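Topology and contacts: notes
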Amino acid sequence: MDYVCLALAAVGGVLVLLLLIAVVRTLLLPKKSTHYALSDDTARVDAYAEKLSRMVQVETVSRRGVAETEKFRAFHALLEELFPRTFAAAEKIEIDGNLMLRWKGQSDKAPILLMSHMDVVEAGEESAWRYPPFSGTIAEGKVWGRGAADTKASLMAFFEAIEELLADGYLPACDVYLASSCTEEVGGDGAPKLAAWLKANGVRLFMLCDEGGSIVQDPVVGVKGHFAAIGIFEKGYGDVKFTARSVGGHASAPARNTPIPRLAKFVARVEKRSPFKAAFSPAVNAMFGRIAPYCGNFGLRLVMANLWLFRPLLKKVMPLISAQAAAMLSTTIAFTMQSGSEGYNVLPAEATVCANMRFIPHQGTDESLAIITDLAAKYGIETEVVYRGVPSASLDLNGEAFAVTQKAVESVFPKVGVLPYVVTGATDARFYGEVCDSCVRFAPVNYGPEQMKGMHGLNENIEAGCLPAAVDYYKTIIRLQEKR
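Keep in mind the model is a prediction, meaning the values are calculated, not measured.

Next up on the list: the overall build of the protein chain. Of regular secondary structure, the protein chain possesses 15 helices and 17 strands. Reported as C-alpha extents along the three principal axes, the dimensions of the protein chain are approximately 80 × 65 × 45 Å. The buried share of the protein chain, taken over its 484 residues, is 53%. Within the protein chain, residue pairs in contact and separated by at least 24 positions form 80% of the contacts whose partners lie at least 6 positions apart. Here the protein chain displays about 21,700 Å² of accessible surface, and carbon together with sulfur accounts for 56% of that area. Of the side chains in the protein chain, 50 bear a positive and 52 a negative charge, and the two mean positions are spaced by 8 Å.

This brings us to the pattern of salt bridges. Opposite charge on two side chains allows them to pair when their charged atoms are near. Summed over all chains, the structure comprises 25 salt bridges. Here arginine 44 and aspartate 472 are joined by a salt bridge, their closest N and O atoms 2.9 Å apart. Of this pair, arginine 44 sits in helix α2 (residues 42-57) while aspartate 472 sits in helix α15 (residues 467-480), and the two are 428 residues apart along the sequence. Note on arginine 44: relative accessible area 22%, which makes it partly exposed. The exposure class of aspartate 472 is partly exposed, given its relative accessible area of 25%. The partner of glutamate 450 in a salt bridge is lysine 142, with the nearest N and O atoms 2.8 Å apart. With glutamate 450 in helix α14 (residues 449-454) and lysine 142 in strand β5 (residues 142-144), this pair connects stretches of sequence that are 308 residues apart. Assessed through its relative accessible area of 12%, lysine 142 is described here as buried. When salt bridges with common partners are traced through the structure, they connect Glu59, Arg63, Glu68, Lys71 and Glu122 into a single cluster.

If you look at soluble globular proteins, the nonpolar side chains tend to sit buried side by side. In terms of nonpolar packing, the biggest core is built from 107 residues, with Leu114, Phe159, Phe288 and Ile462 touching the most fellow members. It is helix α5 (residues 148-167) that provides the largest number of residues to this core, a total of twelve residues. Other than its neighbours up to four places away in sequence, isoleucine 462 contacts Leu52, Gly141, Lys142, Val143, Ala148, Ala149, Ala153, Val445, Asn446, Tyr447 and Gln451.

Side chains of Leu17, Leu20, Ile21, Val24, Leu28 and Trp308 sit close together on the surface and give an oily, nonpolar patch of about 590 Å² of accessible area. Ranked by the residues each element gives to the nonpolar patch, the list is headed by helix α1 (residues 2-28), at five residues. Looking at where isoleucine 21 falls in the secondary structure, it is placed in helix α1.

As summarised here, the arrangement of the three strands in space is β4-β5-β17, forming an open sheet in which the pairing is antiparallel. A strand with exactly one partner marks an edge of an open sheet, and here the two such strands are β4 (138-139) and β17 (461-463). Examined bridge by bridge, β5 and β17 share three bridges and lie antiparallel to one another. Across the sheet, the residue bridging to tryptophan 144 is asparagine 461, located in β17. This element, α2, spans β4, β5 and β17 of the sheet and lies at about 10° to β5. Against the sheet, α5 touches β5 and β17, its axis set at about 50° to β17.

About the thresholds
Residues numbered from 1 in each chain as written. Predicted model: local features only at pLDDT ≥ 70, side-chain atom pairs only at ≥ 80, totals over all residues. Heavy atoms only, no water. Helix = DSSP H or I, 4+ residues; strand = E, 2+ residues; numbered from the N terminus. Buried < 20%, exposed > 50% of the residue type's maximum accessible area, 1.4 Å probe, protein only. Contact = heavy atoms within 4.5 Å. Areas by Shrake-Rupley, 256 points an atom, 1.4 Å probe, with all protein chains shown as cover. Lys, Arg positive; Asp, Glu negative; His and termini not counted. Charge placed at Lys NZ, Arg CZ, Asp CG, Glu CD. Salt bridge = Lys/Arg side-chain N within 4 Å of Asp/Glu carboxyl O. Core = buried A, V, L, I, M, F, W, Y, C linked by side-chain atoms within 4.5 Å. Patch = residues over 30% accessible without salt bridge, like charges linked within 9 Å, V, L, I, M, F, W, Y side chains within 5 Å. Pairing = 2+ DSSP bridges. Axes fitted to C-alpha atoms, helices over the stretch in contact; angles between N-to-C directions.

Here it is in structure tokens:
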């Protein structure tokens, strides 16, 4: 008994010592704060807002399975009108409405690609918008309309960056490609076609800059400020259909475990206790390590600065801190559609529920699908994989492309924090893996809560004052190629 007490005392002593070390480390950690301000250069803000407004006014909704090539070519014509120097200086490659330009530099070795899709999602009920969704209204310091934030703002910014560099007589150190697909929102073949063109022409990119992260505010509970969230990889995308079957029958005498109750039990089980394993990737470790100095609360700073001690605890409480952050730790599944019988008094012979999955690298596509398939089978449910994608390769946090990106952010946004970030959505960058090892997912525009809510929703907008810095960021990325 004495040995047990001694052992417990020793363990307790070790825990106290570890906690003391963590507290001391936290007390020694310098506190940091961020600062971000919209541009007060009225001439630039107004000029860029007007160009973006014109771009929003051209409706570029993409629809799954519907080719509307001429609509997107009309958008190309607008770009050529807005950015005449760029189109005059660059080689134009157009593939089925998807656009790519090549601005030839001093060398064709290790070129870079700036990209942002031109297509947008449908606007929904237009009468519910504060301003008509394709009006491009400039009001309240913002450009309003579908696509203003997702992603015509960044598209405008890098075209304008090159337009201004050309006006200054600048010649880039390497070839600079500009790409914009017209099928991103429907997961179509636009970006794959552009990537295939690069591969067929022997182009190997040094780096690629696409959407994914942005300048964000208050990334997790307890952390205030503006941060450049740089997406270093994206999760894989999957669509799955679950089907429960029976002989059907009349609702007046229901049997037990008919299809809908079985599906309900399955969904409840997944929602109550996720079958997927949470783990910290290097990106998440780096993100929380960099967040720590900005934590206002000592307890949160203690946890974030000492993941070596508190990582198991953080895995448990992460869903309470941030759903977005929690999604960076594991494969997720979201149930989105369901069907059963067509009559109130008819037991369905077949009922279905559909789900969207996002696969994390440490428990990839095959393993995650096997886990959910096995779990569904325990409830007598069949699983059909409608679409399966794989997580992208990760950008090297110690590599040159990340260093260039961080340097550009620090140059243009000197008082904004820099965070590696796991992209939980899907971007066109995932199709460029065969021609680029360093895909940077970061759009240099400010997405506050209002902008995040508006993307794919009502009243999409972007603050016009964030546009000058976005243009300057792309200029900086291009100029930094001289130092490679």
